[in-house]
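Topology and contacts: notes
Below, each chain spelled out in residue letters.
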Amino acid sequence: MARIAQADVEEVKARTNIADIVGERVALKSAGVGSLKGLCPFHDERSPSFHVRPQVGYYHCFGCGESGDVYSFLRAMDHLSFTEAVERLAARIGYTLHYEDGGAAPETSGRTRLYQANTAAAEWFRGQLATGEADAARRFLGERGFDAGAAAHFGVGYAPKGWNGARDALHAQGFTDEELLAAGILSQGQRGVYDRFRGRVIWPIRDITGQTIGFGARRLFEDDQGPKYLNTPETPIYKKAQVLYGLDLAKKEVSRSHRVVVVEGYTDVMACHLAGVTSAIATCGTAFGSEHMRVVGRIVGTDASGEVVFTFDPDAAGQKAAVRAFAEARTSTLQSYVAVGPEGLDPCDLRLNRGDGAVRAMIDTKSPLFEFVIDQRIAGHDLASVEGRVAALGSAAPIVAEIKDSGIRGRYEHVLARRLGEDLRDVHRAVLRAARRESEGSERPDARGPAAPASGAAAMTTDQPATIARATIASLPRTSDAALERDALMGILQYGHLVEAAEIDAALAIPMTVPALDVVRQSILAQPDRTRIGWAVAAAESVREPLRSLAVELLTASFPALTELEAQLSTRSLARTLRIRAIDREKVALLGAIQRVPAESEEGRAVRLSLRDLDARRRGLTEGS
């Protein structure tokens, strides 16, 4: 495959704001001048340690150590090749790439072709909705309160009943059977390949950036022996455990309001959005799981009032879904709620029967998920009998015991006591017993997983290679010298381009007292041009592990300043302080030397001249000249 011209690679990166790309997946908040932070998308965490510095086009997680530029972020998040990441960003900003052999952009890279095939299929399905054969699909939508405008907004389409409609149309656009099978648009049978979706309403399923990655389809005709709902199978770009329908449309409102509403189907998402609840999303043919919760949590952010509101049918299936959701929600920092429509109506039927206001009211009258699950646990027990109340308490107490916040747990003990009509002290004791049982169970060796390796000689027989701890800012010595050198390097990496080159050069010429920081200093000093875009990233990345992580942290950490001008002035001041410190140390050495030589000797006169020169240089630095 032809290589993209390096100049274009750099130009696309320079024109792309990394905060826009990261911000589509992570709720970012200001973390000081020039710095943003949010929950790391690479590991689970409850407090944000993931920092993004748009000015240098770089991100770093102070928790897990992941770092990189906008290309590495896209590659990690969407499993792209480097070329695909560059091509995607170039397409996003409308930039025409050039290739080293002078040829046109290659169109055969696997993942890129899957995106292109899905996009082309979505356009074709959308066009089919306007044909005469699609009357049943239009009637299906109309009966649920969705007009042509609503269908267009969500990209809803129609798959004709024939076996080769989509296949023939996409063949005409240059796609092969192999590509369409890989994208899940075609299926393989004993008699060959054929359209996977036939005689169905089609919803395009998009990733968070708005790219179509698959489809959801609903059966329309009675003679269709297939499932009521049919989704794209797992593909390299469609992972149902990570995909949330409508998230591309909901993400801005979710990030703004710190609330996400999880509904059960495509039409429910449509109904909520049209009713003004534009933070609604749905899973795609699977239960809401831990990966979904992580995706949601990163976008909702770490705001203390962050909420996830689940809507469930009040039937047995809905109750099971609520318990599954509870299992995921209890590990999240988000406050979890349940919203149930009057008479068990889902959002789509509620909007159709009672209007947009009823949908909004349903969400606003949510109740805590814990209460909902507690009610499910005690339902079916005869609360009129002592035995029934004891059994209900035993069933519900473990739910309350799992609440980590002692204040909230105490409140739910009150809730459970009222539900059961039992003495609060009895409920409290039952919760404590349940908590102890849980704790004892988690401490069993089989509950913790593999045992820790033995210490001493036995541990030396393991085949596991020894790991070298990453150097970090936190691992630096806690001395005034280390703090000065740390802050100076941080300022130089982040704002050195705003300070006179001579000032920075003079400071970098002085060795540092902390060996790890001195390695970073040497890497910065080795950069041939500290005025070009990306020099600081190159300096940090040129440091080898285990010190590279320290360099990256210095590049991305929040610099202690309120404005860019203040950061610039502070960096200049820190650079001068390094030079003043060196002068002071040199002066101390000379004062010691002058005690050892005759005052009127040639050597004594030379020392005094050196001292006067040092004093003059120091005055020049302290007076700002």
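Computed from a prediction, not measured in an experiment: that's the story for all the values here.

**Regarding the nonpolar core**
Soluble globular proteins tend to bury their nonpolar side chains together. In this structure, Phe125 and Tyr245 are the most contacted members of the largest nonpolar core, which totals 91 residues. Considering each element in turn, this core owes the most residues, eight residues, to helix α5 (residues 110-128). Apart from residues lying up to four places away in sequence, Phe125 is in contact with Gly157, Tyr158, Ala159, Ala166, Phe197, Ile202 and Phe215. If you look at the next biggest cluster of nonpolar residues, it comprises 46 residues, including Ile299, Val300, Phe372 and Val431.

**Brief notes about the state of the cysteines**
Going through the model one piece at a time under the given rule, you end up with zero disulfides. Free cysteine Cys61: the closest other cysteine sulfur is in Cys40, separated by 3.6 Å. Of the cysteine sulfurs around Cys64, a residue in no disulfide, the closest is that of Cys61, at 3.7 Å.

**A short note on unusual backbone geometry**
Residue Glu545 is joined to Pro546 through a cis peptide bond whose omega torsion reads 10°. Within the element layout of this structure, Pro546 appears in the loop between α24 (535-541) and α25 (548-556). Despite not being glycine, His258 shows a phi value in the positive range, around 60°. At Glu343, a position not held by glycine, the phi torsion is positive, near 60°. With respect to the helices and strands, the residue Glu343 is situated in the loop between β16 (335-339) and α14 (347-354).

**Quick notes on the side chain of Glu485**
Relative to the elements of secondary structure, Glu485 occurs in helix α21 (residues 480-495). A residue is classified by how much of its surface remains accessible, and Glu485, at 0% relative accessible area, is buried. Filtering out sequence-adjacent residues up to four positions away, Glu485 remains in contact with Met512, Thr513, Val514, Leu517, Leu578 and Arg581.

**A few points about the packing of aromatic side chains**
Taken as a whole and judged by the stated rule, the model has 20 aromatic pairs. With centroids separated by 5.4 Å and ring planes inclined at 50°, the aromatic side chains of Phe370 and Tyr412 adopt a geometry described as tilted. Here the residue Phe370 occupies a position in helix α16 (residues 369-378), and Tyr412 occupies one in helix α18 (residues 406-420), the gap between them amounting to 42 residues. With respect to burial, Phe370 and Tyr412 carry one shared label: buried. One aromatic cluster is present, built from ring pairs that chain together Phe42, Phe50, Tyr58, Tyr59 and Phe73. The ring of Tyr337 is capped by Lys366, whose NZ or CZ atom sits 4.9 Å from the centre of that ring.

**Examining the pairing of strand β15 (residues 307-311)**
By the criterion of burial, β15 is predominantly enclosed, with five of the five residues buried. Judged by which residues are buried, β15 turns out to be covered on both faces: Glu307, Val309 and Thr311 on one side and Val308 and Phe310 on the other are all buried. Of the strand pairs in this sheet, β15 and β16 are connected by five bridges, and their pairing is parallel. Across the sheet, the residue bridging to Val308 is Ser336, located in β16.

**Some thoughts on the sheet that holds β16**
The sheet built from six strands is open, its strands ordered β12-β14-β13-β15-β16-β17 with mixed pairing. At either margin of the open sheet sits one strand with a lone partner, and together these are β12 (244-245) and β17 (367-368). Across the sheet, helix α11 (residues 266-274) lies against β12, β13 (259-263) and β14 (280-283), angled at about 175° from β14, the strand it touches most.

**Here we look at the side chain of Asp224**
Topologically, Asp224 is positioned in the loop between β10 (212-219) and β11 (229-231). Relative accessible area serves as the criterion here: at 19%, Asp224 is assigned to the buried category. Within the structure, Asp224 has its side chain in polar contact with the backbone nitrogen of Gly226 (distance 2.8 Å). When neighbours within four sequence positions are excluded, Asp224 is seen to be in contact with Arg198, Arg200 and Arg219.

Reading the values: the criteria
- Position numbers for residues count from 1 along each chain, tracking the sequence in the order it is written.
- Under the rules for a predicted model, residues below a pLDDT of 70 receive no local features and side-chain atom pairs below 80 are neither given nor counted, while totals for whole chains, interfaces and linings still include all residues.
- Computation of side-chain values: all heavy atoms of the structure, hydrogens and water removed.
- By convention a nonpolar core is built from buried Ala, Val, Leu, Ile, Met, Phe, Trp, Tyr and Cys residues, the set being connected through side-chain atoms within 4.5 Å.
- Whether a residue is buried, partly exposed or exposed follows from its accessible area with a 1.4 Å probe, protein chains only, as a fraction of its type maximum: under 20%, in between, or over 50%, in that order.
- Numbering of helices and strands runs from the N terminus; a helix is a DSSP stretch of H or I covering at least four residues, while a strand is a stretch of E covering at least two.
- Whether two residues are in contact is decided by their heavy atoms, any of which lying within 4.5 Å being enough.
- By definition, disulfides here are pairs of cysteine sulfur atoms that lie within 2.5 Å.
- Pairing of aromatic rings covers Phe, Tyr and Trp, the last through its six-membered ring, and needs centres within 6.5 Å; plane angles under 30 degrees mean stacked, over 60 mean edge-to-face, and all others mean tilted.
- Any Lys NZ or Arg CZ that is within 6 Å of a ring centre and within 35 degrees of that ring's normal is treated as a charge sitting over the ring.
- Strands are labelled as partners when DSSP assigns at least two bridges between them.
- What counts as an axis is a line fitted to C-alpha atoms, over the stretch in contact for a helix, and the angles between N-to-C directions run from 0 to 180 degrees.
- Each polar contact in these results corresponds to two N or O atoms within 3.5 Å; when the atoms are within protein, one needs to be able to donate a hydrogen and the other to accept it, and residues that are neighboring in sequence are counted only if both atoms are side-chain atoms.

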